[in-house]
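# Observations on the model geometry
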Amino acid sequence: MPPTDLTSPAEPVPGKAAPGKAAGALPGGGGAASARTPCGITFEQVVKRFGDNVVLDHLDFAVGAGERVTLIGPSGSGKTTILRLLMTLERPDGGVIRVGDDPLWHMERGGKLVKAGEKHLHEMRKRIGMVFQQFNLFPNMNVLRNLTEGPVHVLGLSRDEAVERARGLLELVGLADKEDAHPTRLSGGQQQRVAIARALAMEPTVLLLDEVTSALDPELVVGVQDLLRDIARSTDVTMLCVTHEMGFARDISDRVLMFDQGRIIEEGPPGTIFEEPREERTRAFLRAVLAS
Amino acid sequence: MNWDWNYTGKLIPDLLDGLRVTVTATLLGYLIALALGLVWTLLRRSPNPLVHQTVRWVTEFVRSTPLLVQLFFLFYVLPSWGITLGALTAGIVGLGLHYSTYTAEVYRAGIEDVPRGQWEAATALNLPRRRVWAGVVLPQAVRRVVPSLGNYLIALFKDTPFLFGITVTELLGSAFDEGAHTLKYLEPITVAGLFFIAVSVVSSLALRRLEKHYATH
């Protein structure tokens, strides 16, 4: 398949919200309501370099609103960079990224796209949440404060509202009894579940999962994966997931993208990618991952 | 040379007055050092090269000149430019300014020690810049540097006798005055030394406890 075929936006997934105008409500105009409408993601000719190393080479792809997409491929193939660009942790060197209808790193001015300032980024980030490989909980705050910090200081919830939301989420992730604990006192699996709850407390429309079980002891992986499966089942959040856990990728994904050297070399539903991959490089990668 | 207990007893009230001045200068000077040091650190991170370079040179300059020169400057030179500070005020400002250049380095190291993942998590939560600093980075940075900051408190305390150079009758100064008055230096200077030791030891113990508290919380 020529790479140009990958530029067309994905079909909306049956039973899930279609990519809608509502998702593109102007930043700042829609408040909390617009933040909950699922957003699609589009990469248009996105380039990212680190020094001389071209990590993403004019990348085009799209994720439908509410779609669950897993990025697989060898390390260094640019998967994590995609998530980091979306979370505004890295700045693209070229191209346009859209979340909903709005460009993430640009603003439209007089029909032209110009580089956006921090204010625009702040509004756009409200749509996006991220869970990190290393959890990155704030060790100077207890679990509850980790969950209320964003809702209070970013979404403007009152402390009581934020606490109520946080307790609901701790219930969801099975850690209702840990709200006073400090993150360092929790196991890796518990920390990651708190981190997931912290991301959800911001009610993102797009959730980015960056190798969320890679740092966990094997026996703790299942709990976190089960939680994410539940979230995938019970919400309509758009999910973009980088993982080396192929079983999990198969369960959670509507579509799998296989990356190599900053390009998508193959994509399709998980059944197809895992059982009948067309590309030799995909087959080699899957063999290597399954053998490890 | 015999130790005169009677004389020693009479000295104590005056020396305690001196100690009060020393402790006042220490605490106020230290507060200035803590606050101003943070200001230096944050300004040094300014994207504006004029700002961060200027701050870099000012702090470098202050750190590499002797405290006594700075005190003389504040107390004897500034008045010729129309700025007159009381001796104790000049002393407190001098100590605070001098030590702020050290605390600035301590803060800088502490901030650099905060893992990148913390900044990234704060960005992912979309926390406003001020909240990132006040809620996430500084509390973690300060926790890491409490021991170093504490050591500078004790160092600053031990530097307070320099204030005698600009006529502040602090602890050592009051001991010296007593000696000059009676021409008996043994008792006042020894007692002043003991006061210094007592305060240093008590502060060190308090700092150890603080460190332990931060290590376990």
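None of the values given here were measured: they were computed from a predicted structure.

### Quick look at helix α1 (residues 5–44) of chain B
- Taking 1.5 Å per residue, 40 residues should reach 58 Å; α1 of chain B reaches 54 Å between its end C-alpha atoms and fits that length.
- The principal kink in α1 of chain B, of about 40°, is found at I12 of chain B, preceding the proline P13 of chain B by one to four residues.

### Things to note about the interface of chain B and chain A
- On the chain A side, the residues contacting the 16 residues of chain B number 19 residues.
- The set of elements that each furnish at least two residues to the side of chain B that touches chain A consists of α5 (116–124) and α6 (129–159) of chain B.
- Tallied by class, the residues present in the side of chain B that touches chain A amount to seven nonpolar, six polar and three charged.

### Quick notes on the UniProt feature "domain: ABC transporter" (unreviewed entry) in chain A
- Those residues carrying the UniProt feature "domain: ABC transporter" (unreviewed entry) are residues 41–286 of chain A in this numbering.
- Between the first and last C-alpha atoms of residues 41–286 of chain A the distance is 26 Å; the span itself is 37% helix and 28% strand.

### Examining the sheet that holds strand β1 (residues 41–50) of chain A
Residues and elements named next belong to chain A.
- Reading across the sheet, the four strands line up as β2-β1-β4-β5 and stay open at both edges, with antiparallel pairing between neighbours. Where the open sheet ends on each side, the last strands, each with one partner, are β2 (53–63) and β5 (102–103).
- By the bridge criterion, two bridges tie strand β4 (residues 94–99) to β5 in an arrangement that is antiparallel. Among the inter-strand pairings, V99 is bridged to a residue of β5, identified as D102.
- Relative to the sheet, helix α2 (residues 79–86) contacts β1, β2 and β4, its axis offset from that of β1 by approximately 110°.

### What about the nonpolar core?
- L86, M130, A197, V206, L208, L209 and L240 of chain A are the most contacted members of the largest nonpolar core, which has 75 residues in total.
- Counting residues per element, this core draws most heavily on helix α6 (residues 188–201) of chain A, which supplies seven residues.
- Non-local contacts of L240 of chain A, meaning those with residues more than four positions away in its chain, are made with I41, V63, V69, L83, V206 and L208 of chain A.
- A33, V93, L95 and Y107 of chain B belong to the second largest nonpolar core, which has 41 residues in total.

### Comments concerning the pairing of β1 of chain A
All names here are of chain A.
- Alignment of β1 against β2, held across seven bridges, turns out to be antiparallel. Counterpart to R49 in the pairing with β2 is V54.
- Linkage of β1 to β2, two consecutive antiparallel strands, is achieved through a turn of two residues, within which G51 is found at a positive phi near 65°.
- Relative to β4, β1 runs antiparallel, the two sharing five bridges. Bridging from a neighbouring strand, V47 pairs with G94 of β4.

Conventions adopted
Residues numbered from 1 in each chain as written. Chains lettered and ligands numbered in written order. Predicted model: local features only at pLDDT ≥ 70, side-chain atom pairs only at ≥ 80, totals over all residues. Helix = DSSP H or I, 4+ residues; strand = E, 2+ residues; numbered from the N terminus. Expected span 1.5 Å × (residues − 1). Bend = angle between axes of the 7 residues up to and from the residue. Contact = placed C-beta atoms within 7 Å. Nonpolar A, V, L, I, M, F, W, Y, C, P; charged D, E, K, R; others polar. UniProt positions renumbered as here; feature names shortened; annotations may be inferred. Pairing = 2+ DSSP bridges. Axes fitted to C-alpha atoms, helices over the stretch in contact; angles between N-to-C directions. Core = buried A, V, L, I, M, F, W, Y, C linked by C-beta atoms within 7 Å. Buried ≥ 20, exposed ≤ 12 C-beta atoms within 10 Å, placed from the backbone.

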